[in-house]
Amino acid sequence: MCINRKRPRTPTTSQQLQAADSIQKRVKTESPTSIDSLGDAAQEQDGQDAEHATSSHRDEMAAALLTITAALGLSRETLHLCVGLLDRYLEMQNVEVHRLEALSISCLWIAAKFVETPNTIYDKSIKEILQRRRHSSNWTWNEILEFELKILQLLDFRIMSSTVLGLLQKKLHTVQENEGDEDDALQSEQYQLALYFADLLLLRARANEFSKEVLADAIWFVVSGNVIADVKPPLLAPVLLLFLAHRDNINPSHQHFKPWFALRCRYGPFLQSPWKVPYDPSCACRVCEHVQDELVS
């Protein structure tokens, strides 16, 4: 008869328990398949898979900012400072595509506070309108404020910078001083055409390849009545960029035609041949409302 007898258990000492605990901890922290390691790997993978904003995304957002500022009746200086802040930030820091709109709104909020008067911000309800946009977007106002701090810190609180618009305004002011009140109509046409080109270049990230001074000189070259056959380096490339951007703006089949509608509404009543753009005088959008107010004044 066979009898199975259980062996008596060897009592576990405290040293053995401590050794087992240390092995378990080491396995947990060092094993590539542990829960902690898998969590870290997933976070790293998410970071690698996150799509960063490209120049195309930037151009889309610049067009949206032009539409927003024109619809709100904000100054051109606010728009140019806003896009300048956006470009300077993107030059120094990568941003995920899904956070680009929040960054852009934050740049706009900073620019508005620097350029517009407190009365304008209050009367036009700028903050309230921007806050309402979050209902149709994927950001919160707290994110806007967080981005605002990041922008200020990254740029070392140096908000103001040279813009193509500012350089052109200096040139136009010099012309007005030299010529006096003569040819007011011509000066007005030159002024509107220069503003149109300055806004047009904002919508192209490629313009950042050139200095602001070269871009302003290129615009002035065209505004002064010169033809493209006479242009020479270093103005050749930016002048060509101007012509190509204008061609896209007047081509209904181009992908940028619809997003750039605010540009045509803003300058349609002012531009003369050969720079006319498709424009509907009966348009009743908010951009056209502000343009009509400008014409009356």
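If you're wondering where the values come from, they're calculated on a predicted model, not measured in any experiment.

A. Structural detail: unusual backbone geometry. In this structure, Pro234 follows Pro233 across a cis peptide bond, with omega equal to 5°. Residue position: Pro234 is located in the loop between helix H11 (212-223) and helix H12 (236-249). The amide bond that connects Ser273 to the next residue, Pro274, takes the cis arrangement and shows omega of 10°. Residues other than glycine seldom take positive phi values, yet Phe157 does so here, at roughly 65°. Note that Phe157 resides in the loop between helix H8 (141-154) and helix H9 (164-179).

B. The arrangement of the nonpolar core in detail. Residues Leu103, Leu168, Tyr196, Phe197 and Ile219 are the most contacted members of the largest nonpolar core, which totals 83 residues. In this structure Ile219 touches Val164, Leu168, Ala194, Phe197, Ala198, Leu201 and Leu242, once residues within four positions along its chain are discounted.

C. Geometry of the pattern of salt bridges. Across all of its chains, the model carries ten salt bridges by this definition. Linking Asp199 and Arg266 is a salt bridge whose minimum nitrogen-to-oxygen distance equals 3.7 Å. A residue pair is termed long-range when its members are at least 10 positions apart, and Asp199 in helix H10 (residues 184-202) and Arg266 in helix H13 (residues 261-267) qualify at 67 residues. Comparing Asp199 with Arg266, the two get one shared label, buried. Each of Arg58, Asp59 and Asp87 takes part in a single network of salt bridges with overlapping partners.

D. Spatial organisation of the packing of H11 against H12. Interaxial distance between H11 and H12 falls to 9 Å at its minimum, and their mutual angle equals 60°. The two elements H11 and H12 cross, and the hand of that crossing is right-handed. Judged by residue contacts, Val214, Leu215, Ala218, Ile219, Phe221 and Val222 of H11 engage Pro238, Val239, Leu242 and Phe243 from H12. For the contact of H11 with H12, the per-class residue count stands at ten nonpolar, no polar and no charged.

Thresholds applied
- Residues numbered from 1 in each chain as written.
- Predicted model: local features only at pLDDT ≥ 70, side-chain atom pairs only at ≥ 80, totals over all residues.
- Heavy atoms only, no water.
- Helix = DSSP H or I, 4+ residues; strand = E, 2+ residues; numbered from the N terminus.
- Core = buried A, V, L, I, M, F, W, Y, C linked by side-chain atoms within 4.5 Å.
- Buried < 20%, exposed > 50% of the residue type's maximum accessible area, 1.4 Å probe, protein only.
- Contact = heavy atoms within 4.5 Å.
- Salt bridge = Lys/Arg side-chain N within 4 Å of Asp/Glu carboxyl O.
- Axes fitted to C-alpha atoms, helices over the stretch in contact; angles between N-to-C directions.
- Left-handed = near helix turned anticlockwise from the far one by under 90°.
- Nonpolar A, V, L, I, M, F, W, Y, C, P; charged D, E, K, R; others polar.

Shape is all these values report; function is a separate question.
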